[in-house]
Amino acid sequence: MIMSPGSCERMEPTQTSDENPMLSGLIVDSVNVSRMIHTAVVHGCGFAAQAVETGTQAVELYVSGSRFDLVVLDISFSSEHPVETARKIRQIDPTVKMIGTTADSFHAESQGFLDAGGSAVFEKPLDLATLSKVLEELGM
């Protein structure tokens, strides 16, 4: 996959200021390659990005005071409960936009994730065009 920064229509300046803070994204995925791809895609759309391996780590970041504008959460965790992770994050930050990703487009957790406050679910891997479109739909 070749990604160029110009592929995302939502490009923001990479420098921050009080008037123009950089948006931030949190990538939550147990698969290292998926974390790397999604981090690159989120960066490609002008976001600062942080990646963690588990939903527990994501919730711990929120509990410690970290906040993100966007969370990209793998909803097909086998050892975690992604719906519960989404609920906990939503309770702490009611305004965050959450996108679920899954290797299986008909994953059983998809509806539960949406019911827990997820904004959308997409098949892995996210690409710049898909993320750009969903960011536009979410008003970001």
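Relevant structure appears above.
Attention here is on the structure that accompanies the text. Computed from a prediction, not measured in an experiment: that's the story for all the values here. (Residues numbered from 1 in each chain as written. Predicted model: local features only at pLDDT ≥ 70, side-chain atom pairs only at ≥ 80, totals over all residues. Heavy atoms only, no water.)

Now for the overall build of the protein chain. Secondary structure assignment for the protein chain yields five helices and five strands. Mapped from its N terminus to its C terminus, the protein chain presents α and β elements in the order β-α-β-α-β-α-β-α-β-α. Looking at the 140 residues of the protein chain, the share that counts as buried comes to 42%. Expressed as a percentage of contacts within the protein chain between residues at least 6 apart in sequence, the contacts between residues at least 24 apart total 66%. Accessible area of the protein chain: about 7,200 Å², with a carbon and sulfur share of 50%. (Helix = DSSP H or I, 4+ residues; strand = E, 2+ residues; numbered from the N terminus. Buried < 20%, exposed > 50% of the residue type's maximum accessible area, 1.4 Å probe, protein only. Contact = heavy atoms within 4.5 Å. Areas by Shrake-Rupley, 256 points an atom, 1.4 Å probe, with all protein chains shown as cover.)

When you line up the elements, V42 lands in helix α1 (residues 32-44). Relative accessible area serves as the criterion here: at 1%, V42 is assigned to the buried category. Measuring from C-alpha to C-alpha, the distance between V42 and G25 comes to 6.9 Å, with 17 residues separating the pair along the chain. With near-sequence residues (within four places) excluded, V42 lies in contact with G25, I27, F47, A48, A49, L70, V72 and L131.

Orientation of helix α2 (residues 55-63) relative to helix α3 (residues 82-92), taken along the N-to-C sense of each, is 10 degrees, at an axis distance of 10 Å. Compared by their axis directions, α2 and α3 come out roughly parallel. On α3, the residues touching G55, A58, V59, Y62 and V63 of α2 are T85, K88, I89 and I92. The class makeup of the residues in the contact of α2 with α3 is six nonpolar, two polar and one charged. (Axes fitted to C-alpha atoms, helices over the stretch in contact; angles between N-to-C directions. Parallel < 35°, antiparallel > 145°, perpendicular 65-115°, else oblique. Nonpolar A, V, L, I, M, F, W, Y, C, P; charged D, E, K, R; others polar.)

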